[in-house]
Structures are given as C-alpha cells and as structure tokens.
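Architecture at a glance
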Amino acid sequence: MSIEFPVTKHNFLAGGGEMGALTRSKNWSETVLGAIDQWPQSLRTTLGILLHSKFPMFLFWGDELLCFYNDAYRPSLGREGKHPNILGMPGEKAWPEIWHVIKPLIDQVLSTGEATWSEDQLIPIYRNGRLEEVYWTFSYSAVIDEKGQAAGVFVTCTETTNLVLSTRSLAESERNFRSLVLESPISTAVFRTKQFIVEVANEAALELWGKTSEIIGQSLFDGFPELQNQPYIDLLRNVFETGITYEGKENLVMLRREGQLRPCYVTFVYKAIRDANGIINGILTMGYEVTEQVLARERMEALEERARIAIDANDIGIYDLNLQTGEAYFSEKMHLLYGYTDPIAKESYVDRVHPDDKPMRLQKIAESIETGRMQFEYRVVLPDGPVRWLEAHSRVFFDQRGNPLRRIGTIQDITERKLFNERLAASENRFRNTIMQAPIGIMSMEGPEFIVTMVNKAYLAIVDKTESSMLGRSLFASLPEVEPAVAPLLKTVFEKGTPYYGNEFPVVLNRFGSSRTAYVDFVYQPQKDAGGRVSGIMVIAHEITAQVEARFAVEESRRKFSDMVMHSPIAMTIFRGPEFIIEMANETMLNNLWKKEAEEVIGRSILDVFPELNDQKYPELLRNVYTTGVSHKEIDSLAYVQQPEGMQKFYLDFEYAPLRQPDGSIFGIIVTVNDVTGRFESRALLEDAESRLRLAVEGTGLATWDLNIQTGQILHSPRLAAIFGFDAAATLSHAQLRERLHPDDRINVVEKAFEKALRTGIYDYEARVLLPGQLPRWIRTQGKMSFDDRGKPFRLLGTVIDITEKKAGEEQQQRLALIVQTSDDGIISKSIDGIITSWNEGAQRIFQYLPEEIIGKSIKTLIPPERLAEEDEIIRRLKKGERIAHFHSKRVDKFGRIIDVSLAISPLRDNNGNVIGASKIVRDITREKQAEGLIRESEQRFRLLADSMPQFVWTATPAGEINYYNKTVCDYTGLSTSMLIEKGWAQMVHPDEREDNTRQWLQAIQTGIPYRVEHRIRSKNGDYRWYLSTALPQKDENGVIHIWVGTSADIDDIKKHDQQKDDFIKMASHELKTPVTTIKGYVQLLLKMNQAAKDPFLANSLQTIDKQVFKLTKLITDLLDVTKIETGSLEMNPEYFPLATLVKEITADIQTTSNSHQLHFVQEADPLVYADRDRIAQVIINLLTNAIKYSPRSRGVTISVFSREGVALISVTDSGIGISKEDLPWIFDRFYRAAGKDEKTFPGFGIGLFIVKEIVSLHRGKIWAESEKDKGSTFFVSLPANQ
Amino acid sequence: MKQVDIVLLDDDKDICLMVEAILRFGGYTVQSCSSPEALLGLLSETTPRLILMDMLLSGADGRDICHTLKQKTATARLNIVMMSAHPDAERSCREAGADDFIPKPFDMDIFLQTVSANLPA
C-alpha cells in the first residue's frame, strides 16, 4: 500500500525546527528510501520523535544507515562541518573518522536488539574546520520496523566535552591541592566522619604524630591510643558538632617520639569541613610543632633566671663590646655601679675610674687581648667623693683570623668585701700595735713545752730579759725560777682549756741582779686551734708589786648596765644561767616583740615561755654563746614567735653576747634584737612583682606562602604581608617581599639558602626584614622545594615566622650563656629534690667534676656529711620561695677537699609560680677565707688580749677620735663602748681635769708628741680614781700617723701614797722652816740693833749665822723640789711673760749680792714665753750662781737671751774650771758630782742642775752644756717661744 | 684698849715674840695672839691697820679665818697679810682673800717693806 500525502500532510515532519524543514525539503526520491510518502511508519514515527525532541538525537536508518538528526544535535556538528550535508547520507560516508568506533556499536545493536550506554566517550569529530576532541555520553538503541526487524539505530547523545574538560581540570586542581597539603611543611590532615578516620595526612603530619602512612584510613580511636587521656578528641568532637574552629597555640601534646611518649608543643587549627549541604563531614587540621622554640624559650628563661640571679645576687653589671665596630651593650645596672643615675655613653665610664688605677686597668685590658681573659679590681670615685671598689671579669672572643671580636664581661661591686678586709686588717694592726705597745706584759706560748712565740716589751721589762733570749725557747728555759710556782697552773690550763686568772700572785724573779718576790696579776688564756684543742697559752701579766697593798676590788654592779638595758629603744633581754632564765627584758622587747607582760616572763626560761623556739635554731645558738663566750650576731634571721594573734613570722637582726663574772666565767647572755620584718617583707614583695612581669610572654604567628619558581608568582597568607610590614589584606609580589629583606642577608643568607634548597629540597633560613621607619625584624623561613619529572624545580612552598623576639632573646641568651659558662663563679641548677640539672665551667673549676659526672646526681654529693642538714634547711626555705643570699658555708670537691664557699640560692619557678628547683651561685672563697681566717685569728687574739688587760686600752684615729675602748674601760665605767664613743671620753674624766686634758690631747694630735696626763676617771659607782693616761702615735713607713694607741693605768693607790709622801715632805719642810724663821728673824733684828753698838764679834757672828741660815733654807727648798720632781707633783703655774726682761731683773739682783764677778747681760731678743715665772727665775738664778761658784779665778760671766726658729734661748757663759768630757753627759743627774780634786772642793749636794733640768723639761724645753776642762762652760736653756 | 697698828696671829709663841720685836723695831705698835678666838677677841676691842696671820695654826686654818674676816662687813676692810713656811701656801692664801703673803723664813728688810706696803695710807 502506498499512502500519498502532500508534504504538508507529512505530520511527522511538521515543525521540527530547522532540521524538520531541511528533512521536508530534501529530495528523498533520489535516495534508497525513496519519497517520504513511501517511508515505513516506523521510520516516520521515529523521525517524528527525533525532530520534536529538544534532546540531541541521531538516527541511522536502513541498510545504508542513512543519517538523520535534530536541531538539538546540530551544535555538536560545529561550524563548517558535516551539517547539513550528512542528512540522508549513509553513515559510513558521513562519519568516516569514527566509523571504526561506531560501526561495531551499531552492528551490535542491530544484531542483538539491545541498547548500549557510553559515558564521556572521547569521539573526536571533524568540525569547526578541524578534528576536535569531543566527549560524548550516548545510547544506541534499535528501531524495530513493521516487520519486527531492527531497521535502524536510534542515537540519543549529549556532548560532554565541556563537562569532561572541567572535571578534568577539577581533578588537576584536586591533585594540586593534595600536593600542596602533602608537600607542605605544615602538618595537614583531614579526619572524616565521627570516627575521625584519617583520610589525608601529609608527611609533616605523620612526622609530627610519629606515625607511618599506615595510619591513613584508620580511626583516631584506633590509631592514636596515646590521645586517650588528652583533651584533643574532645576538642575534635566539639568542632565536629559546633563547626567552631579551634585554634591551639603552643599546646602541650604527648606524642610518640622514638617509641616513647614525649611532651611536645604544637600550634594548630581544627577546622570543620562541610559537604555541599553544609553538613559537617570532616575536620581539617593544620599545625606545626614548636617544641624546640618553646623549650628554647624555657631554657632561655631558666638561663636568664639563673644569670639574673647571679647578677642580682652579686650586683653584677654585664657588658658586651664589639671590638671591631665599637658597638656596646651595657646591662641596666652598669651605670649604677659607676654612680650614675642614668645610662651614659660607654666612653664616659672610664672618667670615674680612680686616676691611680687607670694605668693598671689599661695594662690589664691590653694583656687580655693576648690571654683572652681578664680579671682585676679597681676603684671608681663617686661624685660626692667616696670610693667604690669594682671587680671586672671578662673574656675576649676572636674571629677566624684571630683578631679580637668581642669582649663580654661582668663588673661587680666588691666594696663591702674590700672594706671588710681593710677594716679587718686595720683592726688587726690596731690590736697588734696595742699589744706590742701595751704597758702590760703579754706573752704567747705554743705547745705543751710552752715555747714562747710572742712577747712584748712590757713583759720583757717585768722579767728583765731580751726578746731574743726568750723567743723560740721554752718559758722555763728562760725563766727557770718561775717553774715551781707556775708550771702546775700552766699544765692545768693546757689540759683543761679553761683560762686561769692569777690575782696578786707572788712569784720569785731573778732580775736586775737579785732574786725577789714580785706580785703579778695575770691571765693564762688557752689558745685553741680550729678543732677546739688547746694549742697554746697566752699570758697577760701586770706587775703590781708596788701596789700590792693597795687592794684592787672591783665590785660587780649591774645597776647602770640594767638602766641602759631597760631604756634602750632596741629590744633587749638578759638570760641568766644555762637554763636561760629571763632575768630582765626591756619594754621594747616585751611590747613589740614578745607581746607579753613582764610578770609573764621574768624568772622563767625563755624556752618555756616560747616553746616554739625549741624547733628553731635559737636554743643551739644560745647554748653555744653560753659555752664558748663568743658573741653571735645575725641579720635578717627568720624567727617564728607565738603571739596572741597567732604564730608570727619575724625577720630579726640580733646579737647574743655573753655576760661575764669578774673572774671571767659566763653567767648569762645579753640579747639585743632589732625587728626588721618590715624591711624584709617589702623586699620580698618587690621580688614577687618582678617575677610576675617576667611571665608575660609573646606568642608566635605563622605565615604561609607558595612560590611558583618558573613564573615567580607567589601566593601568601595575610600574616605574611603583616610580617613584611604591609597591610594584611595586600597581595604582594615576590619582588616586593624580597626588597624588604636586609640587603646583606639577601645575598649572604637567603640566596645561599635558596641554592641549598635547589640541591636538597629543604629551604631554611633566618634573616632580617627592614620595615620603613622601624627596627629590623627577624624572620625564620622554612620551605620545601618541589621538582618535576625532569628534576626541574617548579615550586617552593613554605612558612615564615617572626622570630624577632626570640632572636633578641637568643642574643641575650648567648650573652648570658657566655656569662654563665665563663663565670668564675659556679652556677648550678638543681631540681627541688636536689638533683643537679646544670653545671657550668665555674662549677667544674671549683668542684673538679665534669658536667657529665655530676649532672643527675644529688647536690648532697657536694656537701660535707656534717653539713647535710644545711641542705634540708635550704630546701625548706626555697620551697617557701625564699632567697638565700651570701650564705657562707663549706663544700667538698671531687677529691674530698673542703672548700669555703659563698652561696646565693634562688628558687626557680615554673609558669604557674611553683618552685620547681633552684639556681645557686657558688663562689670559692677558700683563699679569702684563709686569709681572712688568719687575719681574723690574729685580730681576735689581739682583741682578746686587749680586752683581757686590766688596764684601760683605747685607740684613736689620727684626727683624735677614739674608736676603741677595751672591755676593762667598760667594766670600770659601766658604759658600753658605743656610749663611750658616742659621748666622748671627757664624760668619764673629772670636771677639774677635762679642759686641760682636752687641750693637751689636741696639742698631741696636732704635733704628734706623745700624750701623757694624770686625771681622775669616774667609776660606775660614781667615785673617781686617779689614772695615768698615755698615748703613742703609731706611724707607717712614711712617718704618717695612722693610729694612736692609748693606755690608762690606775695610779690611784700610788697617787694617794705619793700624796701622803708629798704632804709629809711639805710638812717636814714647814716644820724645818719654822725654827729657821725664828732664828733668822732674831739674827737680822740683832744685826740691825747692833749697828749702833758696833760690836765686831757680835756682828760677825750674827752675819755668819744669817748666811748659814740662808743656806739651810735653800737646802730645805731644794730637797723639797727634788721630792716634788720625783713624785711628779712639781706644780707649774704658767703665764705669758717676756723672757729677757726677767733675765735682766735677776742678773741685776744677783749683781747686787756678788762683788766678785761682773755679770754681762746681752739681749738679742725678748721672746714671749708661756712658763712658770718663778720656776724659770729659779733656773736662771741657779745657772748664774753656779757660773760664779765654779769660776773662782775669773771675773766675768756673760748671760744672753736670744731666739732661733721659734725657740727662746738663754746662754750662761763662764770661764771657770769647766767640765770634763766624761762628766758632761751626767751633770744633770740627781746627786751627780763631778769627780776630781778641784771639783770635790766645791761644796754642794748635786741637786741644783737636776732641779734645773726637770723644770726646763716640764716646760717642754731643753738644757745642755758645752764645756772644756779649765776653759769654762756655757749652759744653754731653750724654751718654746710663743709668737 | 688703845689702838694698835698691827695685830699678829701665830700659834708659835717664839715667832710671835720675834715678829713683835721686828715690828716694834720698825716703829709699829703691835698686839699679838696665838689663837683665832683670841684674835676675834682683840678685833672686838680694836681696829688695827693691818692683820698679820700665820696659815697653819695648830687646829685652825688661817685661810678660813682670813676668808671669814673678809666676808664680815665689820672686818671686810681690814688689810690682811698672811705668812707661812708651807711650800705651796701663797696661792691658797691669796685665794682665801689675803692682801699679801710673806714666805717663812723671811728677810727682815723685805718683811718690813711688805708690812709697810700693806698699811692703809
């Protein structure tokens, strides 16, 4: 059947767009199909669907597989391609380029009748003028004709080229991302699902976790058992549930390292990953390990802490000089050490160096360039004059060429130590002088043989021996006569170790050519060695033979002493007996410290009143003072005292001093306490504040970047821009970034690091970034280079971190590390349980242990067994956060040697402020201690001697200020040394003598002439005794006085005795003169009356009587003068008068009674003198009458007055018998009369010139004679003249 | 009782006699006594031009008497010269108020000069 219908009647072809029209208009009759009218219904139906479909469709029909397609298909044929030619064309002809691909598919469909499905199939076709790669997703299905046979293949297809290409580029991007993640030095991982399955983990992450790639695919719960007790799973869950990003900064994570869990610090982010629906299905984590930095920082902090402690504890200044550029760093305290209040230029430091020390300093600096080390002590002069002692330590560091590069060193204030040593030496010197000059016998013996090792002048004078005859020999070899009396006593003292006091002890001495009993007060003082054994005996002896009958009874009266105690503003108390019974306590003690009433405590033991003291060190100290007699003094001592408001902590300065009976035994202890708690606590608060400040620590922030090596393009995080000083939002080029690198670093560091990265793949450097208007900042860059298949670098991926602060810290750390390492002081850290954790060179030098030998061992290794308790105490105090400064102790080195050390120990704290250990600075002071020990021993020995002397001993500065009184002064006056020094010596002198004493003392100080006065000194009972005080200036090798040593001896008994003798002589003289007065009066009256009677016999007789009476009177007067001279009671009543005027008057007077000689008076000057006029007259009369008397055959005597160099002079010249050379030295001695027959014929007593000499001496004048036998003599008298 | 030029007090009777003799030789009227009580008795009766007085008076001290006399208005204007053989007497006598001092033993001429010098005009 044939169905004819016009084209328009072809419904199946109606519409169908362009392809519908084309299909209709095509002349099909030329094809095997023939006219449309003849097409089978199946074809029509199929074409109807095809042409009306908006989905691309194609049809192969018939045996020739003629091609049909619709509008939707057309674009896939492109321009200048198959459209519209292939319509109706056989398939083989239309698709030659792919016929080999599709023909089998078509055949398969036609033969089996089953449809095919191909997705994204690459089927390149010719279009757009070329063969294009086109991807298709298509289905071929068979079209069944009316005969039920497959007559065509229906193709539905869609071009997926764009989809495929974009998917492919997506995959590429994905690959890139993975590569980024996997290659990145930042640990990156993705956890999926609530099980936190490790989906992705890069190498850095595996490294961080300490895992292998096997972890990928596992759940965190299975793969990370170590996280069980850590907070991270919970954090992840939280992020998973809330989607809120978690940022962890320097979190502590226990991670597996080398098979063990180790604490690590990680900075990381957990970020939720959401699917297209916004549902969280995983977590991205990125992070990096900062363990090294954190530990370095902690180490640095610890190191800084240690060094700071070392520096603080010893007031150390640090400096760091670049010897090539001149750059200098000075620590904060440096300028303070030089007395500047503000930091100064480095050149200015030398300005304050003491001029005398400058050359030495320069020399030491020059030497250190050779030796690499420097150490010296020098002085700086502070602005207001005082001198400060500093000690410089430094080390010089050299560059590769051996040129000095840096000097790093410390400056320490050692004034206190220096002054202490100076004072100690001065004190030793003072006491040595005192002892050697003391008017009391002192002798020291060693060993059981009593070998004499030291003996002073006074002792030698007592026993009438020379120093050389006694030194180095046994006492009994020198003084055999004393053996019976003293040997048993000495032996007892030597064996028992207790002193023996001999009072008015009779001993027979062979001296001055005879054997006589002498009376001696003495002390045998045992001398003990360090082990407490008696090594020798010190003898202090005072001969009192002369005063033995004058009883010396010192009564123990504590009244005044008690007054002082009661009213002292310092808390004081007295404990009596070995039970420490509180005998008295002053108000300050009761009210401020004890908070108790007197009735509660007096009469009770201190340890009963304050039982809490039993657990503290104080009872032991008290017992020690009580038994040894050695005072104990401490400052800043910690004590706990029970008070009404509870147990209170006190910091006390206190002293325990023994109280002794007159026999030297101790009966109690006087305690003085000063509460310094306030001072101490404010210091502790300050230290707390300091440590809190240190805890402020800056975090780190990491920037990332990705550099394309070929294009130079860089991708970076905003943080990178910020680090390089740009706005965080800026997008920067690689060049922009590079420009900001320090030029030196760009060349020397960055380029080198890049070259290395090209070889190794690892990029890592630290360099400076220069920011406009800012200080350079330090960055650390780390990265990884990626290479392509041909080994060509194409990408550099990395991170940047700002390490400016860390770097600054490192510089400081390096400096401190150098200080710590090179310090001569040992710097040791230990944990709280006493395990040594660090050990520097200084410690090695002191203790001989190498670090590897001692680190990890207990600090007790260094402590001698008997001092182990110290460590417990130290730990106890450290745990309380206390600092222990300048603690002197002993330690033991590797070889068992005992070392004297000074320790400063400070607690080390963790970030939470808990004490976790200690840093200690150890200084070897063995040498100083030994020197100090020797000097101290000597000082103590001499001080003990000075205090043991029954006489007063005192010393004064060259300016006359008294700075020491021995114990005897205090015992006698009842005044403390400090009261005596404060109020002056005049307070104890009788008011009548004060003025004169002061004048004499000032004169002695000015002239350097020894001081010697007799005065009354008031005892504590209020009565006075006479003392003879003398003081001698002690001069150094240049003749400069450095100290006056004075002694005062009790001469009261002698004085009283002398007074009696004096009174007796005066009365005797009075009684002798009284009858003479009567005789003389009558004789002279009779002579007058007889002038009228003119009885020659009577007149002669009366004249003779008168002359003899005159001689008798003179004799009595002279004898009286001699007596006065001997007793020192010749009184002077000085006044100012012109000397020549007096001499002239006397010469005139004598001329009137002497007719035999002509007296010539010559006046060259008339100097003013301050003298006793009558006594000087007596001198002149004596010399003139002598001149007349001893020149019987001559007629002239010349007397002259003149002055030379501030001295007034008188000379009396005769031409008489003269004096022989042998006699000349002796003529001024008492009772001396020249031998020789001529001389003997002259009457006389031999006391005239003696009196004259004594009078002149008392005026601080001189008398001497020049003479030649038979030629005559000239006598000279000189007196100090007053201008 | 008649007025005398000089009243003398000395516990040594021999000295009294000797001094009296010298003073009379010198032309003065003199009345001597040997105890302080006697002196006070005399002074109640007469007002001498001068008192000569020894220092140590066997139980009394001339200086005390001198001091007392110089304190009393009735006798304050009397001139007093003291004498002594005691070595250190002069200063203390002058401190006690004595107008002058003569050491014993004395030279007769000097003694008379001193007495004359201390008589009121």
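Remember, predicted model here, so these are calculated numbers, not experimental data.

**Brief notes about the overall build of chain A**
Of regular secondary structure, chain A possesses 39 helices and 49 strands. In chain A, buried positions account for 47% of the 1283 residues. Once local pairs closer than 6 in sequence are excluded, the contacts in chain A between residues at least 24 apart make up 51%.

**Details of the environment of Gly27 of chain B**
Within the fold, Gly27 of chain B resides in the loop between α1 (13–26) and β2 (30–33). Spatially, the C-alpha atom of Gly27 of chain B lies 9.6 Å from that of Asp5 of chain B, the residues being 22 residues apart in sequence.

**With respect to the environment of Phe1250 of chain A**
Residue and element names in this part refer to chain A. Relative to the assigned elements, Phe1250 resides in helix α39 (residues 1248–1258). As a C-alpha pair, Phe1250 and Arg1230 span 20 residues in sequence and 5.2 Å in three-dimensional space. Sequence-distant contacts of Phe1250, defined by excluding residues within four places in its chain, comprise Val1122, Ile1125, Phe1228, Asp1229 and Arg1230.

**A closer look at the confidence of the model for chain A**
Residue and element names in this part refer to chain A. Residue-level pLDDT values for chain A average 79, and 87% of them are 70 or greater. The secondary structure element of chain A with the lowest average pLDDT is helix α22 (residues 677–694), at 42, and the one with the highest is strand β47 (residues 1207–1214), at 93. In this model, residues 1–8 is a region of pLDDT below 50 whose contacts with residues beyond four sequence positions or in other chains number nine contacts. For the stretch residues 549–565, pLDDT sits under 50, and the model shows 27 contacts to residues farther than four places along the chain or on other chains.

**Looking at the sheet that holds strand β11 (residues 260–274) of chain A**
All names here are of chain A. If you trace the five strands from one edge of the open sheet to the other, you get β9-β8-β12-β11-β10, paired in antiparallel fashion. For this open sheet the edge positions go to β9 (197–201) and β10 (246–257), each flanked by a neighbour on one side alone. Direction aside, neighbouring strands of the sheet carry axes that sit 35 degrees apart on average. Of the strand pairs in this sheet, β10 and β11 are connected by ten bridges, and their pairing is antiparallel. Residue Leu255 lies in a different strand from β11, and its bridge partner there is Arg262. In the packing of helix α8 (residues 232–242) onto the sheet, the strands contacted are β8 (187–192), β10, β11 and β12 (280–289), and the crossing angle to β12 comes to about 135 degrees.

**A word on the interface of chain A and chain B**
The accessible area lost on association of the parts is a frequent measure of interface size. Facing 21 residues of chain A, the contacting portion of chain B comprises 21 residues. Interface area for chain A against chain B, summed over the two sides, is near 1,900 Å², with a carbon-plus-sulfur share of 66%. For the interface between chain A and chain B, the tally reads one salt bridge. For the salt bridge of Asp109 of chain B with Lys1088 of chain A, the shortest nitrogen-to-oxygen distance reads 2.9 Å. Our count for the contact surface shared by chain A and chain B stands at five residue pairs in polar contact (both at pLDDT 80 or more). Listed by contribution, the elements that provide at least two residues to the side of chain A that touches chain B are α34 (1052–1093) and α35 (1096–1127) of chain A. When residues in the side of chain A that touches chain B are grouped by element, the largest group, 16 residues, is from α34 of chain A.

**A few points about the packing of aromatic side chains**
Residues and elements named next belong to chain A. Evaluation of the coordinates by the stated rule reveals 46 aromatic pairs over all chains. The interplanar angle of 70 degrees and the centroid separation of 5.8 Å between the aromatic rings of Tyr232 and Phe268 together place this pair among those described as edge-to-face. Placement of the pair is Tyr232 in helix α8 and Phe268 in strand β11, with a sequence separation of 36 residues. Using a relative accessible area of 7% as the deciding quantity, one classes Phe268 as buried. Their ring planes at 40 degrees and their centres at 5.8 Å tell us that Tyr246 and Phe268 sit as a pair that is tilted.

**A word on a nonpolar patch on the surface**
A cluster of nonpolar side chains, contributed by Tyr1082, Leu1086 and Met1089 of chain A together with Leu17 and Phe25 of chain B, occupies part of the molecular surface with about 460 Å² of accessible area. Looking at which element gives the most residues to the nonpolar patch, the answer is α34 of chain A, with three residues. When you line up the elements, Leu1086 of chain A lands in helix α34. Among the residues examined, Leu1086 of chain A registers a relative accessible area of 39% and is labelled partly exposed.

**With respect to the packing of helix α37 (residues 1173–1189) of chain A against α39 of chain A**
Residue and element names in this part refer to chain A. Closest axis-to-axis distance for the α37/α39 pair is 10 Å, and the angle between their directions is 145 degrees. Between α37 and α39 lies a crossing whose hand is left-handed. Taken together, the residues of α39 that come into contact with α37 (itself represented by Arg1175, Gln1178, Val1179, Asn1182, Leu1183 and Asn1186) are Gly1248, Leu1249, Ile1251, Val1252, Ile1255 and Val1256. Split into classes, the residues belonging to the contact of α37 with α39 amount to seven nonpolar, four polar and one charged.

**Here's the deal with the side chain of Asp1118 of chain A**
All names here are of chain A. By secondary structure assignment, the location of Asp1118 is in helix α35. Classification of Asp1118 as buried rests on a relative accessible area of 8%. In this view, Asp1118 contacts Gln1178, Ile1247 and Ile1251; residues no more than four positions away in its chain are not counted.

**As for helix α1 (residues 17–25) of chain A**
At 3.6 residues per turn, the α-helix brings residues three or four places apart onto the same side. All names here are of chain A. Met19, Gly20 and Thr23 are the residues of α1 that are buried. Angular distribution of buried residues about the axis of α1 spans 105 degrees; they occupy a single face of the element. Close packing links the buried residues of α1 with α2 (41–52) and β2 (66–69).

**Here we look at the sheet that holds strand β4 (residues 79–84) of chain B**
The strands that make up a sheet pair up through hydrogen bonds in the backbone, lying either parallel or antiparallel. Residue and element names in this part refer to chain B. Read from one edge to the other, the open sheet built from five strands follows the order β2-β1-β3-β4-β5, with strand pairing classed as parallel. Each end of this open sheet is capped by a strand with a single partner; those strands are β2 and β5 (100–103). For this sheet the average axis-to-axis angle between neighbouring strands, irrespective of direction, equals 20 degrees. Bridging between strand β3 (residues 50–54) and β4 involves five bridges; their strand directions are parallel. Counted as the bridge partner of Leu50 is Asn79 from β4. Strands β1 (6–9), β2 and β3 of the sheet are contacted by α1, whose axis makes an angle of about 170 degrees with β2. Across the sheet, helix α2 (residues 36–45) touches β1, β2 and β3, and the angle it forms with β2 is around 145 degrees.

**Things to note about the packing of α1 of chain B against helix α5 (residues 108–117) of chain B**
All names here are of chain B. Where α1 contacts α5, the axes come no closer than 11 Å and their chain directions differ by 70 degrees. Accordingly, the angle class assigned to the pair α1 and α5 is roughly perpendicular. As for the relative orientation of α1 and α5, their crossing is right-handed in sense. Across from Val19, Ile22, Leu23, Phe25 and Gly26 in α1, the residues of α5 making contact are Met108, Phe111, Leu112 and Val115.

**Some details on the pattern of salt bridges**
Residue and element names in this part refer to chain A. Inspection of every chain in the model, using the stated rule, returns 46 salt bridges over all chains. Asp764 is the partner of Arg780 in a salt bridge, and the nearest nitrogen-oxygen pair spans 2.9 Å. Linking Arg780 in strand β31 (residues 777–787) with Asp764 in strand β30 (residues 762–769), this pair joins segments that are 16 residues apart in sequence. A relative accessible area of 16% means that Arg780 is categorised as buried. Where Lys967 meets Asp971, a salt bridge forms, and the shortest distance between an N and an O atom there is 3.3 Å. Residue Lys967 and its partner Asp971 are both found in helix α31 (residues 967–973); the two are separated by four residues, about one turn of the helix. Lys967 sits in the partly exposed class, given a relative accessible area of 34%. For Asp971, a relative accessible area of 35% puts it in the partly exposed group.

**Digging into helix α33 (residues 991–1007) of chain A**
All names here are of chain A. With 17 residues, α33 extends 25 Å between its outermost C-alpha atoms, agreeing within 8% with the 24 Å of an ideal straight helix rising 1.5 Å per residue. Among the residues of α33, Glu993, Asn997, Gln1000, Trp1001, Ala1004 and Ile1005 are the ones counted as buried. The first or second residue beyond α33 is Gly1008, which carries a positive phi of 80 degrees.

**With respect to unusual backbone geometry**
Between Lys104 of chain B and Pro105 of chain B the backbone carries a cis peptide bond, its omega angle lying at -10 degrees. We note that Phe580 of chain A has phi near 55 degrees; this positive angle belongs to a residue other than glycine. In this structure, Phe580 of chain A sits in the loop between β23 (571–576) and β24 (581–585). Under the relative-accessibility criterion, Phe580 of chain A is labelled buried at 1%. A positive phi angle is found at Asp1270 of chain A, which is not glycine, with a value near 65 degrees. Here Asp1270 of chain A lies in the loop between β48 (1262–1268) and β49 (1272–1282).

Parameters and conventions
- Residues numbered from 1 in each chain as written.
- Chains lettered and ligands numbered in written order.
- Predicted model: local features only at pLDDT ≥ 70, side-chain atom pairs only at ≥ 80, totals over all residues.
- Heavy atoms only, no water.
- Helix = DSSP H or I, 4+ residues; strand = E, 2+ residues; numbered from the N terminus.
- Buried < 20%, exposed > 50% of the residue type's maximum accessible area, 1.4 Å probe, protein only.
- Contact = heavy atoms within 4.5 Å.
- pLDDT = per-residue confidence, 0-100.
- Pairing = 2+ DSSP bridges.
- Axes fitted to C-alpha atoms, helices over the stretch in contact; angles between N-to-C directions.
- Buried area = accessible area lost by both parts, 1.4 Å probe.
- Salt bridge = Lys/Arg side-chain N within 4 Å of Asp/Glu carboxyl O.
- Polar contact = N/O pair within 3.5 Å; in protein donor to acceptor, adjacent residues only side chain to side chain.
- Phe/Tyr/Trp six-rings, centres within 6.5 Å; stacked < 30°, edge-to-face > 60°.
- Patch = residues over 30% accessible without salt bridge, like charges linked within 9 Å, V, L, I, M, F, W, Y side chains within 5 Å.
- Areas by Shrake-Rupley, 256 points an atom, 1.4 Å probe, with all protein chains shown as cover.
- Left-handed = near helix turned anticlockwise from the far one by under 90°.
- Nonpolar A, V, L, I, M, F, W, Y, C, P; charged D, E, K, R; others polar.
- Arc of directions from axis to C-beta.
- Parallel < 35°, antiparallel > 145°, perpendicular 65-115°, else oblique.
- Expected span 1.5 Å × (residues − 1).

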